Amino acid sequence: VQLQASGGGLVQPGGSLRLSCSASGIILSINGVGWYRQAPGKQRELVAHITSGGSTTYADSAKGRFTISRDNAKNTVYLQMNSLKPEDTAVYYCNTGRAARDGSYYYWGQGTLVTVSS
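Since we're looking at a predicted model, the values are computed, not measured. Once a new chain begins, its residue numbering starts again from 1 and follows that chain's sequence as written. With the structure being a predicted model, the display of local features is reserved for residues of pLDDT at least 70 and the display and counting of side-chain atom pairs for 80 or more, all residues being used for whole-chain, interface and lining totals. Each side-chain value is worked out from all heavy atoms of the structure, with water and hydrogens disregarded.

### Focus on the overall build of the protein
To keep it simple, the criterion reads: Secondary structure is summarised from DSSP: a helix means a run of H or I of at least four residues, a strand means a run of E of at least two, and numbering begins at the N terminus for each. Radius of gyration: over C-alpha atoms. The globule rule applied is 2.2 Å multiplied by the number of residues raised to the 0.38 power. Each residue's exposure class comes from its accessible area (1.4 Å probe, protein chains only) as a fraction of the maximum for that residue type: buried when under 20%, exposed when over 50%, partly exposed otherwise. Two residues form a contact once any of their heavy atoms are found within 4.5 Å. Surface accessibility in these figures is a Shrake-Rupley result with a 1.4 Å probe; residues are shielded only by whichever protein chains are displayed. Charge counting treats Lys and Arg as positive and Asp and Glu as negative, with His and both chain ends excluded. To locate a charge, take NZ of a lysine, CZ of an arginine, CG of an aspartate or CD of a glutamate.
If you tally the helices and strands in the protein, you get zero helices and eleven strands. Reading the protein from its N terminus to its C terminus gives the helix and strand order β-β-β-β-β-β-β-β-β-β-β. A compact globule built from 118 residues should have a C-alpha radius of gyration of about 13 Å, and the protein, at 13 Å, falls within 12% of that. In terms of overall dimensions, the protein has a C-alpha envelope of 40 × 30 × 25 Å along the principal axes. Burial status across the protein gives 42% buried among its 118 residues. In the protein, of all internal contacts separated by at least 6 residues, the share reaching a separation of at least 24 is 51%. A total of about 6,200 Å² of accessible surface is found on the protein, and carbon and sulfur atoms cover 47% of it. Separation of charge centres in the protein, based on 11 positive and 6 negative side chains, amounts to 5 Å.

Below, the structure is given as structure tokens:
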């Protein structure tokens, strides 16, 4: 199983980015998928989640600004991030597979860095 996260970069406050998580060896449409982020010196945080049925949940910090979605044909999950703030700066990871003990899933992507700065 491989998860490839991409789409990060440097963006000004108020800007937008779309992150992609493409998968091989696992079908994302039949698994829950989460987007996590980890900022320097902070704990990993679940930002958004989509179930196999398509239900979505968001961290309070992401509600109204971020949207998680899935393209089954491309076996890819996206995280559209709008109205970005400096506090959104972090490495973003996608996560899926069977349940892990800590409440996440077993498989992780390599992470993509998002930097929000003027």
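### A word on the pairing of strand E8 (residues 76-81)
Here is the rule: By this definition, two strands are paired if DSSP reports at least two bridges between them.
For E8, the buried fraction is high: five of the six residues fall into the buried class. Pairing of strand E7 (residues 66-71) with E8 involves six bridges; the strand directions are antiparallel. The residue bridging Ser69 from the neighbouring strand is Tyr78, located in E8. Joining the antiparallel neighbours E7 and E8 is a turn of four residues, in which Asn75 adopts a positive phi near 50 degrees.

### Notes on unusual backbone geometry
Glycine aside, negative phi is the norm for most residues, and most peptide bonds take the trans geometry. For Asn75, which is not glycine, the phi dihedral falls at a positive 50 degrees. As for its placement among the helices and strands, Asn75 is situated in the loop between E7 and E8. On the basis of relative accessibility, which here comes to 17%, the residue Asn75 falls in the buried class. In the Ramachandran plot, Ser83 falls in the positive-phi region, its phi being about 50 degrees despite a non-glycine side chain. Counting through the fold element by element, Ser83 comes out in the loop between E8 and strand E9 (90-99).

### Here's the deal with the side chain of Ser104
For the record, the criterion: Under the rule applied, a polar contact is a pair of N or O atoms within 3.5 Å (in protein, one hydrogen donor and one hydrogen acceptor; residues adjacent in sequence only if both atoms are side-chain atoms).
Within the secondary structure, Ser104 sits in the loop between E9 and strand E10 (105-108). Accessibility expressed as a relative area gives 3% for Ser104, which makes it buried. Within the structure, Ser104 has its side chain in polar contact with the side chain of Asp102 (distance 2.6 Å). Apart from residues no more than four positions distant in its own chain, Ser104 is found in contact with Tyr36, Arg44, Asn95, Arg98 and Ala99.

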